[in-house]
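The residues making up each chain are set out below.
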Amino acid sequence: MAELFIDGRWRAALGGRTREIRCPADGSLVAVVDEAGGKDVLDAIAAARRAFDEGPWPHTPGAERGDLLLRVAELLVRDKPALARAESLDTGKRLVESEADLDDIAACFRYFGRLAGTEDGRVTDPGVPAVDSRIVHEPVGVCALITPWNYPLLQTAWKVAPALAAGNAFVLKPSELTPHTAVALVRLLQEAGLPDGVANLVLGAGPEVGAPLADHPDVDLVSFTGGLATGRRIMAAAAGTVKRVALELGGKNPNIVFADADFEAAVDHALTAVFLHSGQVCSAGARLLVEDALHDRLVDEVVRRARLIRLGGPFDEHARTGPLISAEHRAKVEAYVAAGLAEGAVLRCGGARPDDPALAGGFYYLPTVLDGCHGAMSVVREESFGPVLTVERFTDEDEAVRLANDTVYGLAGAVWTTDQARADRVGSALRLGTVWINDYHPYLPQAEWGGFKQSGNGRELGPTGLAEYRETKHIWRNTAPKAQYWFE
Ligand code: NAD
């Protein structure tokens, strides 16, 4: 056991604290890992600070930093089977989904690897004789990178790759529930030749290990992906030292289906939108908004097919979705469904744990459809983050947009219609960071990802994803200075 990585060395936690990691699919023990204490966190921040202030990395040419990221991408491809397996054991996610995540993770490193070598400053014309003016980009400094459990390595890659491309040093804190692929990634960074102290890894729970990162004066930026309540806490903690804060928070994402939609495609995607990874996806299409005329036919078909979705562990080739991350999380999902039913929702399917004894050791919950929902229900307003689809009806375009936007969140959502003009109108009226038209869930490394409203203030991926980790400096140079005294 030596899963903390501080100043280029693996070490066990100074306080000797450990945590058992158990697979959510069956409760089996995956491993026992070290958990950092206060001194470990301080050491990690100090190491990153030194590496940034005194080390070579921030001054390494962008193209060289990019080459290192491209090497990491190759190592990720080499180790894909082991990494996908580790991710599935920690999360309970189907192996094929972890494998697909690994492809996206390598693509992310490739994207920022290439961008690191091409993005640079610019010269401006100040319009003043004998003066030149340049805009240059510099790394922000020491970054705290705090990530969730639902896409552990993917969310980590979205932070680590641009942070390194920009020349920062960092302290990474993955979710305490899913630490293994972060450990593996740091080993790959080491193998690729990253200088000591640039990457530091501390494992442990949020209040003990994450919170000290958010308010420490030597941390310049906190990039956080996780829940809204935690995001608010981090923003408040960071205020004391006016850190840069990039938040990627939750979503309660509308999937809007008009009566003229391609029916088969809309049904397929309505199911994938919400039941992929048992709904534990920030962009899950958990709110189905259906035009009146199509409501009964669409919901009947969604329910019929939701009942057929087979649950199982990561290595069950017949399973189509897996367990929830923990017993506590399942209890939270159950409470949202109970609240929805108490508030008048109609249970169309699910609403219970599966009765298959083979699944009894895991934290499974049946794909659930609640019809007759409205925007005042907590199950519609708040993120259950489980396999729970709420259905609302609308009569026209204006009402669809009004219902969809009636939420504190603004992460993502979709519009299904064969009327392209309507698709464009609705797409531009939605207050969402990503709008899919006749599709659900795809994203691109070169297209920015992030939320409007309380889904966050950050942007990941794309050129703005790199900009999050850079300061911009204006350098004004007077080539013919003259004496000029103001106070006579
Ligand atoms: P969470 O907020 O409970 O935890 C996220 C991370 O923050 C973990 O590493 C946790 O240990 C840490 N943390 C907890 N309390 C902290 C504190 N006080 N100070 C510092 N760090 C602290 O979220 P979760 O349950 O791990 O993840 C699920 C959430 O993540 C969902 O809300 C989901 O929508 C969101 N998410 C958003 C995106 C996005 O791109 N917007 C992507 C994935 C997940």
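Details of the structure are given in the entry above.
Residues numbered from 1 in each chain as written. Predicted model: local features only at pLDDT ≥ 70, side-chain atom pairs only at ≥ 80, totals over all residues. Heavy atoms only, no water.

K.L.:
Which parts of the structure should I look at to understand the packing of helix α13 (residues 397-405) against helix α14 (residues 420-429)?
P.N.:
Interhelical geometry of α13 versus α14 gives an angle of 30° and a closest axis separation of 10 Å. Our classification of the angle between α13 and α14 gives roughly parallel. The handedness of the crossing between α13 and α14 is right-handed. Residues Glu-397, Val-401 and Asn-405 of α13 lie in contact with α14, whose contacting residues are Arg-422, Arg-425, Val-426 and Ala-429. (Axes fitted to C-alpha atoms, helices over the stretch in contact; angles between N-to-C directions. Helix = DSSP H or I, 4+ residues; strand = E, 2+ residues; numbered from the N terminus. Parallel < 35°, antiparallel > 145°, perpendicular 65-115°, else oblique. Left-handed = near helix turned anticlockwise from the far one by under 90°. Contact = heavy atoms within 4.5 Å.)

K.L.:
How should I be thinking about the site of the ligand in this particular structure?
P.N.:
The environment of the ligand is formed by 27 residues, the closest being Thr-147, Glu-176, Thr-230, Leu-249 and Glu-383. One nitrogen or oxygen atom from the side chain of Thr-230 is found 2.7 Å from an oxygen atom belonging to the ligand. Look at the ligand: alone it shows 860 Å² of surface, and the protein chains cover 89% of it. At a threshold of 2 Å from the grid points, most atoms of the ligand map onto the largest pocket. Listing elements by their share of the shell around the ligand, those giving two or more residues are α7 (206-215), β10 (221-225) and α8 (228-239). Among the elements that make up the shell around the ligand, the one with the highest residue count is α7 (three residues). Considered class by class, the residues forming the shell around the ligand number 12 nonpolar, 11 polar and four charged. (Near = heavy atom within 4 Å. Polar contact = N/O pair within 3.5 Å; in protein donor to acceptor, adjacent residues only side chain to side chain. Areas by Shrake-Rupley, 256 points an atom, 1.4 Å probe, with all protein chains shown as cover. 1 Å grid on protein atoms, 1.4 Å probe; cavity = no way out; pocket = protein on both sides within 12 Å on 5 of 7 lines; lining within 4 Å. Sits in = over half its atoms within 2 Å of the grid points. Nonpolar A, V, L, I, M, F, W, Y, C, P; charged D, E, K, R; others polar.)

K.L.:
Could you clarify how one ought to interpret the pattern of salt bridges in this entry?
P.N.:
Should the charged atoms of two oppositely charged side chains come close, the side chains can pair. For the coordinates displayed, the defined rule picks out 30 salt bridges. The salt bridge involving Asp-43 is made with Arg-11; its shortest N-O contact spans 2.8 Å. In this pair, Asp-43 is assigned in helix α1 (residues 38-54) and Arg-11 in strand β2 (residues 9-11), connecting sequence segments 32 residues apart. Judged by relative accessible area, which is 19%, Asp-43 ranks as buried. Since its relative accessible area comes to 21%, Arg-11 is described here as partly exposed. Residues Glu-138 and Lys-473 are paired through a salt bridge, measuring 2.9 Å at the closest nitrogen-oxygen approach. Pair noted here: Glu-138 is in strand β6 (residues 131-139) and Lys-473 is in strand β19 (residues 470-478), with a separation of 335 residues, a long-range link. A relative accessible area of 38% places Lys-473 in the partly exposed class. A single salt-bridge network, built from bridges that share partners, covers Arg-11, Lys-39, Asp-40 and Asp-43. (Salt bridge = Lys/Arg side-chain N within 4 Å of Asp/Glu carboxyl O. Buried < 20%, exposed > 50% of the residue type's maximum accessible area, 1.4 Å probe, protein only.)

K.L.:
Would you take a moment to explain the sheet that holds strand β5 (residues 122-124) for this structure?
P.N.:
The strands making up a sheet associate through backbone hydrogen bonding, with each pair oriented either parallel or antiparallel. Read from one edge of the open sheet, three strands run β5-β6-β19, paired in antiparallel fashion. The open sheet has two edge strands with one neighbour each: β5 and β19. Here the strands of the sheet are splayed against their neighbours by 25° on average, with no regard to which way each runs. In this sheet, β19 lies alongside β6 in antiparallel orientation, the contact comprising nine bridges. Residue pairing in the sheet places Asp-132 in a bridge with Arg-477 of β19. (Pairing = 2+ DSSP bridges.)

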